[in-house]
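Per-entry structural report
These are the residues of each chain, in order.
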Amino acid sequence: MSEPKTPVNELEDYLCGWGAAFINITLTFPINKIMFRQMLHGIDSQRAFLDLKTEGIRYLYRGFLPPLFQKTGSAALMFGMYEQCQRLISSSFPDASPL
């Protein structure tokens, strides 16, 4: 069985969740923006892409912060709490086989 985690190591689990969500939102936000424009304006993906390209990088990530804050907080809690619950259950039932 592994050694118990220190508070610094427990923070690592939360940071991994935060980082995963940050990368996810940063990479997929422009794609979601293109899909949203297609639905909103009834245009094809090429036209939506050209519109965003014309507006430039400044407007590409406009509206980025609310989903970023929501997803990073949510994923950080999910990763961190999962690991804490797993450690609690493992220490409470040391003879149980892992799933």
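Described in the following lines is the structure provided in the data block. Computed from a predicted model, the values in this text were never measured in an experiment.

Helix and strand content of the chain: four helices and zero strands. In the chain, which comprises 99 residues, the share counted as buried stands at 19%. In the chain, once contacts between residues fewer than 6 apart in sequence are set aside, the share between residues at least 24 apart is 71%.

Glancing now at the side chain of Arg37. Considering the arrangement of structural elements, one finds Arg37 in helix H1 (residues 7-41). Here the side chain of Arg37 touches Glu55 through a polar contact of 2.9 Å, side chain to side chain. Residues in contact with Arg37, not counting those within four places in the same chain, are Gly42, Ile43, Ala48, Asp51, Leu52 and Glu55.

Turning next to the pattern of salt bridges. Enumeration according to the criterion identifies four salt bridges in this entry. Among the ionic pairs, Asp51 bridges to Arg47, the shortest N-O distance being 3.0 Å. Placement of the pair is Asp51 and Arg47 together in helix H2 (residues 45-55), with a separation of four residues, close to one helical turn. Between Glu83 and Arg87 there is a salt bridge, with its nearest N and O atoms 4.0 Å apart.

The tally for this structure, following the rule as stated, stands at four aromatic pairs. Note on Trp18 and Phe22: the rings are 5.3 Å apart at their centroids and 15° apart in plane angle, and the pair reads as stacked. Within this pair, Trp18 and its partner Phe22 are both found in helix H1, separated by four residues, close to a single helical turn. You can call Trp18 partly exposed: its relative accessible area is 42%.

Within the fold, Phe64 resides in the loop between helix H3 (57-60) and helix H4 (65-92). Between the alpha carbons of Phe64 and Thr26 there is a distance of 8.2 Å; along the sequence they are 38 residues apart. What Phe64 contacts, discounting residues up to four positions off in sequence, is Ile25, Thr26 and Phe29.

Reading the values: the criteria
Residues numbered from 1 in each chain as written. Predicted model: local features only at pLDDT ≥ 70, side-chain atom pairs only at ≥ 80, totals over all residues. Heavy atoms only, no water. Helix = DSSP H or I, 4+ residues; strand = E, 2+ residues; numbered from the N terminus. Buried < 20%, exposed > 50% of the residue type's maximum accessible area, 1.4 Å probe, protein only. Contact = heavy atoms within 4.5 Å. Polar contact = N/O pair within 3.5 Å; in protein donor to acceptor, adjacent residues only side chain to side chain. Salt bridge = Lys/Arg side-chain N within 4 Å of Asp/Glu carboxyl O. Phe/Tyr/Trp six-rings, centres within 6.5 Å; stacked < 30°, edge-to-face > 60°.

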